[in-house]
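Coordinate analysis (summary)
Each chain, letter by letter, is given below.
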Amino acid sequence: MDSLLFVGGGNMARSLIGGIIAAGHRAEAITVCEPNRPVRESLRCDFGVKVVTELDTASCARRADAIILAVKPQVMAQVAEGLAPALEHRPVVISIAAGINCHALSHWLGDATPIVRAMPNTPALLQQGATGLYADNSVTAEQKQLVSALFAAIGVAEWVAEERLIDTITALSGSGPAYFFLLMELMAKVAEEMGLSAETAQKLAIQTAQGAANMAVQSSDSPATLRGKVTSPGGTTERALALFASQGLEATVRTAMLGAAERSAEMAAELSPPVTPEGE
């Protein structure tokens, strides 16, 4: 059984720990380093994992097969540099921090460290996540298999071949839940303006979104085919969709997602150390 070390015990780490244990990983093989005592105790009581303070991080890292960095991007450099001397056995290090690229992680952790960037999203808290994964060239096939199993425990996990595509994943599934929340919010708001109570409008909007998502998951048809199946010629749905098109919905979605991906790349540039030209 692989030994796992979580550095940081916040919501995303908690969801991953819960999913991993539910999938059969032994709680005794999981250690969480978390400075906040109430958070540590909650994780220990709820999952039976070992919890330690920051002072024990390096010693725990020396025994770990995989280390999951679940800390805020602003403290990643300090955390990673503190771990670097304990990584001579080359465990895979998985970062779930937004905006921290492999160049930065390698700079702080050491060039030989196998690194995976993971971009999960908030539905991972319900084991319904969508995670994008990228591995640098130091990651072995066995380590990739381990990482795949970890993130499959909290939903769907997909690998990308180029690190820049993590920005696309961020725009699609990382930020994506907010897009659907907004659509539910707007649909309920308009329905309320048309006469429904706020409670009824919200309940129906949320259930409609859930039902549509479940249909898409369980069907072998593409979303486009499913849309066609519920769109009768000359009917209400056809008129609504035509108005979406005439108002530029596709262009709006494209612009929004490109903007999110651009911001993801900007954050990486802001948080990463400068690249030193070869030969210097």
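The structure presented is a predicted model; accordingly, all values stated were derived computationally and were not measured. (Residues numbered from 1 in each chain as written. Predicted model: local features only at pLDDT ≥ 70, side-chain atom pairs only at ≥ 80, totals over all residues. Heavy atoms only, no water.)

**Brief notes about the environment of Phe6**
With respect to the helices, strands and loops of the structure, Phe6 is situated in strand E1 (residues 4–7). The class of Phe6 is buried, set by a relative accessible area of 0%. Distance from Phe6 to Ile94, taken between C-alpha atoms, is 9.5 Å for residues 88 residues apart in sequence. Ignoring any residue separated from it by four or fewer positions in sequence, one finds Phe6 in contact with Ala13, Leu16, Ile17, Ile20, Ile30, Thr31, Val32, Cys33 and Ile68. (Helix = DSSP H or I, 4+ residues; strand = E, 2+ residues; numbered from the N terminus. Buried < 20%, exposed > 50% of the residue type's maximum accessible area, 1.4 Å probe, protein only. Contact = heavy atoms within 4.5 Å.)

**Comments concerning the packing of helix H8 (residues 176–193) against helix H9 (residues 198–218)**
It is at 8 Å that the axes of H8 and H9 come closest, and there the two elements cross at 140°. Relative to H9, the element H8 is oriented oblique. For the crossing formed where H8 meets H9, the hand is right-handed. Counting all contacts with H8, which are made through Met184, Ala188, Ala191 and Glu192, the residues of H9 involved are Ala198, Ala201, Gln202, Ala205, Ile206 and Ala209. Considered class by class, the residues forming the contact of H8 with H9 number eight nonpolar, one polar and one charged. (Axes fitted to C-alpha atoms, helices over the stretch in contact; angles between N-to-C directions. Parallel < 35°, antiparallel > 145°, perpendicular 65-115°, else oblique. Left-handed = near helix turned anticlockwise from the far one by under 90°. Nonpolar A, V, L, I, M, F, W, Y, C, P; charged D, E, K, R; others polar.)

**Here's the deal with the packing of aromatic side chains**
Within this structure, the stated rule accounts for zero aromatic pairs. Above the ring of Trp159, the side-chain terminus of Lys144 is found at 4.6 Å from the ring centroid. (Phe/Tyr/Trp six-rings, centres within 6.5 Å; stacked < 30°, edge-to-face > 60°. Lys NZ or Arg CZ within 6 Å of the ring centre and 35° of its normal.)

**Concerning the sheet that holds strand E3 (residues 50–52)**
Sheet architecture is open: eight strands sit in the order E3-E2-E1-E4-E5-E6-E7-E8, paired in mixed fashion. The sheet is open, and its two edges are formed by E3 and strand E8 (155–159), each paired on a single side. The average undirected angle you get between the axes of adjacent strands in this sheet is 20°. In this structure, strand E4 (residues 66–69) lies alongside strand E5 (residues 92–95), joined through four bridges in parallel fashion. If you follow Ile67 over to E5, its bridge partner there is Val93. (Pairing = 2+ DSSP bridges.)

**With respect to the side chain of Gln143**
Within the element layout of this structure, Gln143 appears in helix H6 (residues 141–152). A relative accessible area of 12% places Gln143 in the buried class. The contacts of Gln143, once residues within four sequence positions are left out, are Arg90, Pro91, Val92, Pro114 and Ser138.

**A short note on the pairing of strand E2 (residues 30–33)**
Residue alternation in E2 divides its side chains into two sets, Ile30 and Val32 and Thr31 and Cys33, and both sets are buried. For E1 and E2, the ladder comprises four bridges, and the chain directions are parallel. Pairing of Phe6 across the sheet is with Val32, part of E2. Note that the unit made of E1, helix H1 (residues 11–22) and E2 has a crossover that is right-handed. Relative to E3, E2 runs parallel, the two being bridged by three bridges. Each bridged residue has a counterpart across the sheet, and for Cys33 the counterpart in E3 is Val52. (Right-handed = clockwise from strand over helix to strand, strands pointing away.)

**A closer look at the confidence of the model for the protein**
Summing up the model confidence of the protein, the mean pLDDT is 93 and the portion of residues at 70 or higher is 97%. Within the protein, helix H3 (residues 57–61) has the poorest average pLDDT of any element, 89, and H8 the best, 98. (pLDDT = per-residue confidence, 0-100.)

**Observations regarding the pairing of strand E7 (residues 129–135)**
Counting buried positions over the seven residues of E7 gives six, a clear majority of the element. Where strand E6 (residues 115–119) and E7 come together, four bridges link them in antiparallel fashion. Within E7, the position partnered with Met119 by the bridge is Gly132. For the segment spanning E7, H6 and E8, crossover handedness is right-handed.

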